[in-house]
Amino acid sequence: MSVLVVGLSHRTTPVPVLERVAVADADRGKVLDQLLKAPSVSEAVLLSTCNRVEVYAVVETFHGGMNEVVEVLARQAGAEPADLFEHLYVHYSAAAVEHLFSVAGGLDSMVVGEAQILGQLRNSYNAADEQGVVGRTLHELVQHALRVGKRVHTETDIDHAGASVVSEALADAADALGGLEGRNALIVGAGSMGGLAAAHLRRAGIGEVVIANRTAANGERLAAALRADGVRATSTGLDALTGAVAEADVLFACTGSVGTVVGAEHIGDRAPDRPLVVCDLGLPKDVDPAATLLDGVRVVDLETLQRRLSDAPTGQGTLRAAEIVAEEVRAYLAGQRSAGVTPTVTALRKRAAEVVDAELLRLDSRLPELDGAVRDELAKTVRRVVDKLLHTPTVRVKELAAAPGGAGYAEALRELFGLDPQAPSAVSTPHSTQPKGEKR
């Protein structure tokens with residue numbers, strides 16, 4: 001069983017294609033269920049953000065697993081697998097580990113170094129774990145990746161400016177409007193991205209903010225947080241969008257909804273001489289594309305940012321982050337190779353114990369009159385001798401197995417001592433004992 005990554009991102013895929021494949025939170029469980037029904041897939045995590053859709057899966061075979069994952073993604077997009085192949089990237093085994101660690105470290109983001117990916121990865125893992133589709137392999141891999149991301153942000157200045165797709169979009173808005181200080185903003189959606197937009201607008205000196213959200217309590221919670229920081233802020237429902245848009249200078253939208261939330265009719269009633277910058281970071285889009293045709297409206301979306309940020313320069317923080325990722329990949333793979341020989345070592349010690357027990361029984365049958373104290377001392381001595389004989393080779397084989405190509409040492413042990421080839425799987429303990437198919 002090995003880890004497979006199948007994905008599409010801003011690096012390989014036009015935004016319209018990403019929009020088709022994007023998985024809304026409400027559909028995540030359905031997609032994970034489809035993945036786990038695939039014959040080759042035993043574990044899965046789905047990561048769907050504003051600029052990537054990736055499946056991390058534990059598969060029995062590379063080609064079988066890849067084809068099954070692509071079929072699920074194509075079904076989600078309402079397309080044929082062939083329509084996606086030219087945009088896909090696929091990583092397997094060690095390359096899959098390196099890719100995930102790079103993603104967690106912010107090295108593969110549209111805005112290099114952005115920290116939001118860590119929270120998104122954690123949420124994706126939690127969702128898969130709650131559904132019972134994460135086992136030991138992905139549990140250990142994702143937890144290690146989260147630690148890598150934290151280390152990158154702690155030990156480098158890769159996120160020194162706190163840049164993100166949100167901050168970049170609002171920077172474009174500020175350029176278009178000649179600054180955001182004293183302006184009016186409308187935030188559609190009170191989720192994590194809406195909260196991040198609110199924080200950036202507050203730091204930019206925004207004059208007033210309206211939060212429009214489907215769930216009133218969540219919108220009011222974000223508005224209250226802004227008021228606590230000295231910003232004039234109110235909340236409203238999505239049924240009041242037209243009036244809210246009419247008073248806004250900048251509209252930020254990122255709701256995670258499947259369909260359009262802000263229609264051209266909501267924007268068309270504005271005074272034509274009052275400019276509006278629309279920052280639409282939804283995937284799929286939250287704002288009707290027809291809005292781009294309206295007078296006085298400028299749209300900043302993921303396609304805009306993709307073009308502008310594709311050639312961003314690489315700094316020293318990025319180079320150091322890449323070094324950390326490489327170090328962590330080597331450490332993780334070494335740990336996995338070492339752990340891979342542990343079941344064989346356990347099987348060897350079990351075999352030795354069985355031999356000792358058999359010989360002591362044989363001694364009892366030959367010398368039944370042997371004093372009990374003497375028998376106990378003989379048993380302790382024999383076990384001690386066996387433990388000492390096995391200690392050095394078993395410790396050493398774990399060290400050797402941690403090196404590249406070290407998997408052969410476990411095989412050599414099984415061959416030399418005639419161990420059951422199935423022994424490793426028999427003594428290993430998975431993260432989750434829930435059988436495949438018994439999903440919550």
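Residues numbered from 1 in each chain as written. Predicted model: local features only at pLDDT ≥ 70, side-chain atom pairs only at ≥ 80, totals over all residues. Heavy atoms only, no water.

Q: Lay out the overall build of the protein with the relevant residues and their values.
A: Summing up its helical and strand segments, the protein has 17 helices and 10 strands in all. On C-alpha atoms alone, the protein measures out to a radius of gyration of 29 Å, which is more than a quarter above the 22 Å that the 2.2 N^0.38 rule sets for 440 residues. Considering only C-alpha atoms, the protein reaches an extent of 110 × 45 × 40 Å along its principal axes. For the protein, the residues scored as buried account for 46% of the 440 residues in total. Considering only contacts within the protein whose residues lie at least 6 apart along the sequence, 74% involve residues at least 24 apart. (Helix = DSSP H or I, 4+ residues; strand = E, 2+ residues; numbered from the N terminus. Rg over C-alpha atoms; globule rule 2.2 N^0.38 Å. Buried < 20%, exposed > 50% of the residue type's maximum accessible area, 1.4 Å probe, protein only. Contact = heavy atoms within 4.5 Å.)

Q: An account of the packing of helix α5 (residues 94–104) against helix α6 (residues 116–130) is requested, with residue identities and associated values reported.
A: How two helices pack is summed up by the angle between their axes together with the distance between the axes. Closest axis-to-axis distance for the α5/α6 pair is 8 Å, and the angle between their directions is 125°. Considering their axes alone, α5 and α6 lie oblique with respect to each other. Counting all contacts with α5, which are made through Leu100, Val103 and Ala104, the residues of α6 involved are Ile117, Leu118 and Leu121. Each residue belonging to the contact of α5 with α6 can be placed in one class, and the counts come to six nonpolar, no polar and no charged. (Axes fitted to C-alpha atoms, helices over the stretch in contact; angles between N-to-C directions. Parallel < 35°, antiparallel > 145°, perpendicular 65-115°, else oblique. Nonpolar A, V, L, I, M, F, W, Y, C, P; charged D, E, K, R; others polar.)

Q: Any chance you could break down the packing of aromatic side chains for me, citing the residues and the numbers?
A: On inspection of all chains with the given rule, the structure shows two aromatic pairs. Consider the rings of phenylalanine 62 and tyrosine 92, whose centres lie 5.0 Å apart with planes at 65°: the pair is edge-to-face. Residue phenylalanine 62 is found in helix α3 (residues 62–77), and its partner tyrosine 92 is found in strand β4 (residues 89–92); the two are separated by 30 residues along the sequence. Look at phenylalanine 101 and tyrosine 332: their rings are 5.9 Å apart centre to centre, the planes differ by 80°, and that puts the pair in the edge-to-face class. Of the two residues, phenylalanine 101 is situated in helix α5 and tyrosine 332 in helix α14 (residues 316–366); the sequence distance between them amounts to 231 residues. Of the two residues, phenylalanine 101 and tyrosine 332, neither departs from the other in class, the shared state being buried. (Phe/Tyr/Trp six-rings, centres within 6.5 Å; stacked < 30°, edge-to-face > 60°.)

Q: I'd like a description of the state of the cysteines, backed by residues and values.
A: Here a disulfide denotes one covalent bond, and it connects the sulfur atoms of two cysteines. For the coordinates displayed, the defined rule picks out zero disulfides. Summary of cysteine pairing: cysteine 254 is not part of a disulfide, and the nearest cysteine sulfur, belonging to cysteine 50, is at 6.1 Å. Left unpaired, cysteine 279 is separated from the closest cysteine sulfur, that of cysteine 254, by 11 Å. (Disulfide = S-S within 2.5 Å.)

Q: Help me get a handle on the pattern of salt bridges, residues and values and all.
A: Under the criterion given, the structure shown has 25 salt bridges. Note that glutamate 327 and arginine 151 form a salt bridge whose closest N and O atoms lie 2.9 Å from each other. Of this pair, glutamate 327 sits in helix α14 while arginine 151 sits in helix α7 (residues 136–155); the two residues are 176 residues apart in sequence, bridging distant segments of the chain. Among the salt bridges present, the one from aspartate 249 reaches arginine 274, with a minimum N-O distance of 3.2 Å. With aspartate 249 in the loop between α11 (241–246) and β8 (250–253) and arginine 274 in the loop between α12 (264–268) and β9 (276–280), the pair connects residues that are 25 residues apart, well separated along the chain. For arginine 274, a relative accessible area of 25% translates into the label partly exposed. (Salt bridge = Lys/Arg side-chain N within 4 Å of Asp/Glu carboxyl O.)

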